[in-house]
Amino acid sequence: MGDETGGRLTRELIAVDGGECSGLLFDNPVVGLEPALTWTLRIPFAPVGGDPVLLEIEWLPDTTTGWRHLDGLDVTSKAFADPAEAVIHHHGHHRYDRADVTITTQDGPSVTAAVTLAGDLDGLGPDEITCTAALRFTGITVQLRGVADPADALRRLAGHTDTTGLIEIDDPRGIAFRFGPG
C-alpha cells in the first residue's frame, strides 16, 4: 500500500468513471432511530498495484429538496460517524475521521462531487485525500419497518424529499423498495 504515510497510494489515487450517488430512507425502531433520508457516494479510483480502490461515504444527511436538486449538498463530518462514515476500500477498509463533501453541479442524474477526507484512523493509508468525481444518481432505497408495498414506500419517501420523476426499480436483494430516475 505504500509507505506508512500512504505516499505511494496518495500519488496513485485518481478518480475514474463509474461512481454512484444514492439515497437511503431508513429507520431502526429497536435502537430509537427515526426515519431519515441519507445519501451515499461511491467513488472508484484507478487500480493501485493492480488492485481496486473505492471511496465510500455513507450516512450523509439530506440537506436538499429532492434528488433533482442535489447540487448544493454540503456536509462536513468532523469525526467518523458524526454524521458520515468515510472509508477507502483497498486491501481492507480504511476509515477516515473527517469528511467534507459538496455536490457542486447536477445535470439530470449526473452529479459532480468534491470530497476531502482527513485523519486516517487506521494508520494504513494517506492522511488526506482530495478528489472531484462525476457520479450517476442511481436511486433511493426505502427500508422502513411496517412498509409493505411500493405505493406506501413512495408515500413515506415523499414525506422526506421530492419524489417527482422517480419510478420503482427492482431491489435484487428483495429486502427494500427502490426508486430511480424514470
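Thresholds, definitions, all that
- Residues numbered from 1 in each chain as written.
- Predicted model: local features only at pLDDT ≥ 70, side-chain atom pairs only at ≥ 80, totals over all residues.
- Heavy atoms only, no water.
- Helix = DSSP H or I, 4+ residues; strand = E, 2+ residues; numbered from the N terminus.
- Rg over C-alpha atoms; globule rule 2.2 N^0.38 Å.
- Buried < 20%, exposed > 50% of the residue type's maximum accessible area, 1.4 Å probe, protein only.
- Lys, Arg positive; Asp, Glu negative; His and termini not counted.
- Charge placed at Lys NZ, Arg CZ, Asp CG, Glu CD.
- Phe/Tyr/Trp six-rings, centres within 6.5 Å; stacked < 30°, edge-to-face > 60°.
- 1 Å grid on protein atoms, 1.4 Å probe; cavity = no way out; pocket = protein on both sides within 12 Å on 5 of 7 lines; lining within 4 Å.
- Points joined across faces, edges and corners; volume = space filled by probe spheres on them.
- Nonpolar A, V, L, I, M, F, W, Y, C, P; charged D, E, K, R; others polar.
- pLDDT = per-residue confidence, 0-100.
- Contact = heavy atoms within 4.5 Å.
- Pairing = 2+ DSSP bridges.
- Disulfide = S-S within 2.5 Å.

Draft legend 1. Region of interest: the overall build of the protein chain. If you tally the helices and strands in the protein chain, you get two helices and 10 strands. When the helices and strands of the protein chain are placed in sequence order, the string is α-β-β-β-β-β-β-β-β-α-β-β. Against the globule reference of 16 Å for 182 residues, the protein chain gives a C-alpha radius of gyration of 17 Å, in line with a compact fold. With respect to the principal axes defined by its C-alpha atoms, the protein chain has extents near 50 × 35 × 30 Å. By residue count, 41% of the 182 residues in the protein chain fall in the buried class. Here the protein chain contributes 13 positive and 28 negative side-chain charges, whose respective centroids are spaced 3 Å apart.

Draft legend 2. A look at the packing of aromatic side chains. As enumerated under the stated definition, the model contains three aromatic pairs in all. With a centroid separation of 5.0 Å and an interplanar angle of 15°, the aromatic rings of tryptophan 67 and phenylalanine 137 are classed as stacked. Here phenylalanine 137 lies in strand S8 (residues 128–143) and tryptophan 67 lies in the loop between strand S3 (51–61) and strand S4 (74–77), a separation of 70 residues in the sequence. Here tryptophan 67 matches phenylalanine 137 in class, with each residue buried.

Draft legend 3. Here's a closer look at the layout of surface pockets. In this structure, the largest pocket spans a volume of roughly 340 Å³. Taken together, 19 residues make up the lining of the largest pocket; nearest its centre are Ser22, Gly23, Arg42, Thr141 and Arg173. Secondary structure elements with two or more residues in the lining of the largest pocket: strand S1 (19–28), strand S2 (33–48), S3 and S8. When grouped by side-chain class, the residues that make up the lining of the largest pocket number five nonpolar, eight polar and six charged.

Draft legend 4. Quick look at the confidence of the model for the protein chain. When the pLDDT values of the protein chain are averaged, the result is 91; 94% of them are 70 or greater. Under a pLDDT of 50 for its full length, residues 1–6 has, in the predicted model, 14 contacts with residues more than four places off or in other chains.

Draft legend 5. Just the pairing of S1, in detail. Counting buried residues in S1 gives seven out of 10 residues, a clear majority hidden from the surface. Sheet topology places S1 next to S8; eight bridges connect them, and they run parallel. Across the sheet, residue serine 22 finds its bridge partner in S8, namely glycine 139. In terms of strand pairing, S1 meets S2 through eight bridges, oriented antiparallel.

Draft legend 6. View of the state of the cysteines. As enumerated under the stated definition, the model contains zero disulfides in all. The thiol of cysteine 21 is unpaired, and the distance to the nearest cysteine sulfur, on cysteine 131, comes to 13 Å. A relative accessible area of 2% means that cysteine 21 is categorised as buried.

Draft legend 7. How the structure looks around the environment of leucine 154. Inspection of the secondary structure assignment puts leucine 154 in helix H2 (residues 150–158). Expressed as a C-alpha distance, the spacing of leucine 154 and glycine 125, which sit 29 residues apart in the sequence, is 40 Å. Residues contacting leucine 154, with those up to four places away along its chain left out, are Thr163 and Phe179.

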